[in-house]
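Next come the chains, spelled out residue by residue.
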Amino acid sequence: ELIPRNNIVPEKGLLLLKEDDSAGIKYREAREYGWWILEFWDKKDFGLLNKAVPHVLFKRFAQACWSELCEIYAIPPRYIKTDTTNPEMLDRAEAMMRDMGAAAWFIIDSAEEFNFAKGADTNGDVYNNLIKLCQNEISMLINSVVVGEDTKNGNESKEEVSQKLLDIIVEFDKRMIKTYWNTTVIPALVKLGVFPAGASFSFQQEEDLEKLWKMVVEIAPYYSINPDWIKEKFGLDITEAKTAQQSDDLSFFA
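Just so it is clear, the model here is predicted, and its values are computed rather than measured. (Residues numbered from 1 in each chain as written. Predicted model: local features only at pLDDT ≥ 70, side-chain atom pairs only at ≥ 80, totals over all residues. Heavy atoms only, no water.)

### Side note on the overall build of the protein chain
Reasoning step 1: The helix and strand tally for the protein chain stands at seven helices and five strands.
Reasoning step 2: When the helices and strands of the protein chain are placed in sequence order, the string is β-β-β-α-β-α-β-α-α-α-α-α.
Reasoning step 3: A buried classification covers 15% of the 254 residues belonging to the protein chain.
Reasoning step 4: A separation threshold of at least 6 residues defines the contact pool for the protein chain, and within that pool the share at least 24 residues apart is 48%. (Helix = DSSP H or I, 4+ residues; strand = E, 2+ residues; numbered from the N terminus. Buried < 20%, exposed > 50% of the residue type's maximum accessible area, 1.4 Å probe, protein only. Contact = heavy atoms within 4.5 Å.)

### What about the side chain of Ser-139?
Reasoning step 1: On the secondary structure map, Ser-139 appears in helix H3 (residues 125-143).
Reasoning step 2: You can call Ser-139 buried: its relative accessible area is 12%.
Reasoning step 3: With residues near it in sequence (within four places) discarded, Ser-139 still touches Ser-144, Val-145, Val-146 and Val-147.

### Observations regarding the pairing of strand S4 (residues 78-82)
Reasoning step 1: Of the two faces of S4, only the one carrying Arg-78, Ile-80 and Thr-82 is buried; Tyr-79 and Lys-81 on the other face are not.
Reasoning step 2: The sheet contact formed by S4 and strand S5 (residues 105-109) spans five bridges and is parallel. Paired with Thr-82 across the bridge in S5 is Asp-109. (Pairing = 2+ DSSP bridges.)

### A word on the pattern of salt bridges
Reasoning step 1: In this structure the tally under the stated criterion is two salt bridges.
Reasoning step 2: Between Glu-39 and Arg-28 there is a salt bridge; the shortest N-O distance is 2.8 Å. With Glu-39 in the loop between strand S3 (25-26) and helix H1 (48-74) and Arg-28 in the loop between S3 and H1, this pair connects stretches of sequence that are eleven residues apart.
Reasoning step 3: Since its relative accessible area comes to 31%, Arg-28 is described here as partly exposed.
Reasoning step 4: Across the salt bridge formed by Lys-174 and Glu-171, the nearest N and O atoms sit 3.7 Å from each other. Highlighted residues: Lys-174 and Glu-171, both in helix H4 (residues 156-191), separated by three residues, approximately one helical turn.
Reasoning step 5: Residue Lys-174 is classed as buried on the basis of its relative accessible area of 17%.
Reasoning step 6: Residue classification places Glu-171 among the partly exposed positions, given a relative accessible area of 37%. (Salt bridge = Lys/Arg side-chain N within 4 Å of Asp/Glu carboxyl O.)

### Some details on helix H2 (residues 87-98)
Reasoning step 1: In this model H2 runs 16 Å from its N-terminal to its C-terminal C-alpha over twelve residues, within 8% of the 16 Å that 1.5 Å per residue would give.
Reasoning step 2: Between the side-chain oxygen of the N-cap and the backbone nitrogen of Glu-88 there are 3.1 Å, and the N-cap of H2 in question is Asn-86. (Expected span 1.5 Å × (residues − 1). Polar contact = N/O pair within 3.5 Å; in protein donor to acceptor, adjacent residues only side chain to side chain.)

### Digging into the confidence of the model for the protein chain
Reasoning step 1: Chain-level statistics for the protein chain give a pLDDT mean of 79 and a share of 83% at 70 or above.
Reasoning step 2: By mean pLDDT, the top-scoring element of the protein chain is S3 (89), and the lowest-scoring one is helix H7 (residues 244-251) (49).
Reasoning step 3: Note on residues 250-254: pLDDT is under 50 here. Beyond four places in sequence and across chains, it has one contact. (pLDDT = per-residue confidence, 0-100.)

### Details of the sheet that holds strand S2 (residues 14-15)
Reasoning step 1: The three strands are arranged S1-S2-S3 in an open sheet whose pairing can be described as antiparallel. Two strands close off the open sheet at either side, each with one partner strand: strand S1 (8-9) and S3.
Reasoning step 2: Examined bridge by bridge, S1 and S2 share two bridges and lie antiparallel to one another. Paired with Val-9 across the two strands is Leu-14, which belongs to S2.

### Some thoughts on a nonpolar patch on the surface
Reasoning step 1: On the surface, Ile-177, Trp-181, Val-194, Phe-195 and Phe-203 cluster together to form a nonpolar patch covering roughly 400 Å² of accessible area.
Reasoning step 2: Note that Val-194 resides in the loop between H4 and helix H5 (209-219).
Reasoning step 3: The class of Val-194 is exposed, set by a relative accessible area of 51%. (Patch = residues over 30% accessible without salt bridge, like charges linked within 9 Å, V, L, I, M, F, W, Y side chains within 5 Å. Areas by Shrake-Rupley, 256 points an atom, 1.4 Å probe, with all protein chains shown as cover.)

### A word on the environment of Phe-106
Reasoning step 1: Position of Phe-106 among the secondary structure elements: in strand S5.
Reasoning step 2: Leaving out residues up to four positions away in the same chain, Phe-106 has contacts with Arg-78, Tyr-79, Ile-80 and Phe-114.

### Digging into the packing of H5 against helix H6 (residues 227-234)
Reasoning step 1: Put simply, H5 and H6 touch, their axes get as near as 11 Å, and they point 155° apart. Classified by the angle between their axes, H5 and H6 sit roughly antiparallel to one another. Relative to H6, H5 is oriented so that their crossing is left-handed. Contact residues: Leu-209, Leu-212, Trp-213 and Val-216 in H5; Trp-229, Ile-230, Lys-233 and Phe-234 in H6.
Reasoning step 2: Here the residues of the contact of H5 with H6 sort into seven nonpolar, no polar and one charged. (Axes fitted to C-alpha atoms, helices over the stretch in contact; angles between N-to-C directions. Parallel < 35°, antiparallel > 145°, perpendicular 65-115°, else oblique. Left-handed = near helix turned anticlockwise from the far one by under 90°. Nonpolar A, V, L, I, M, F, W, Y, C, P; charged D, E, K, R; others polar.)

Quick look at the structure:
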């Protein structure tokens, strides 16, 4: 169970039970620390998600403003001039505006004047640019590259380089997770009797099946290959090897 980050003061090793808690619990001095209470953190970096918060907030702000702009442009407010001192004419004007759609409306007196203020003419580009900027900054924080930055002016070589760099970051994260498991999680589980002593964690090595199949084809004329291994790796159900006579007979149909 993950303890909420808002309740933790990692600089002091304190667990706060509530907002106005001034004392807290020194969890690193607790008997359960290292057994039931496990801690994962870097003293120099308190997480990328905290750094991404401003960009997420600005992105939501831009989306909200753009939505409001769409509402104003798509359904502008309506008004009607009438004699507001005449109850009959005022009731008729109200009924007319209510029956004319869902846009905002108001009534002014025939002797009054109303004008819309002239604002900046925009189709939302300013909000779209802010949203793209926030997306790029978030991508830079999490991936260290901007993947899919621009579908209009982008190119394959840039995306290929970005993907390769992202793969390197993923491998680094996997090594970090492996370190946490072998130095923090597994020792705690060994103390609790869940895992036997000497257990370790590692990721299954990824294999390039296309390259592996090419190697199989190259060595097949010289070595015998285990059919069970072929079925496990490539899904080919091999029963027995063909004889030389069978190979000659099948060559007739080739």
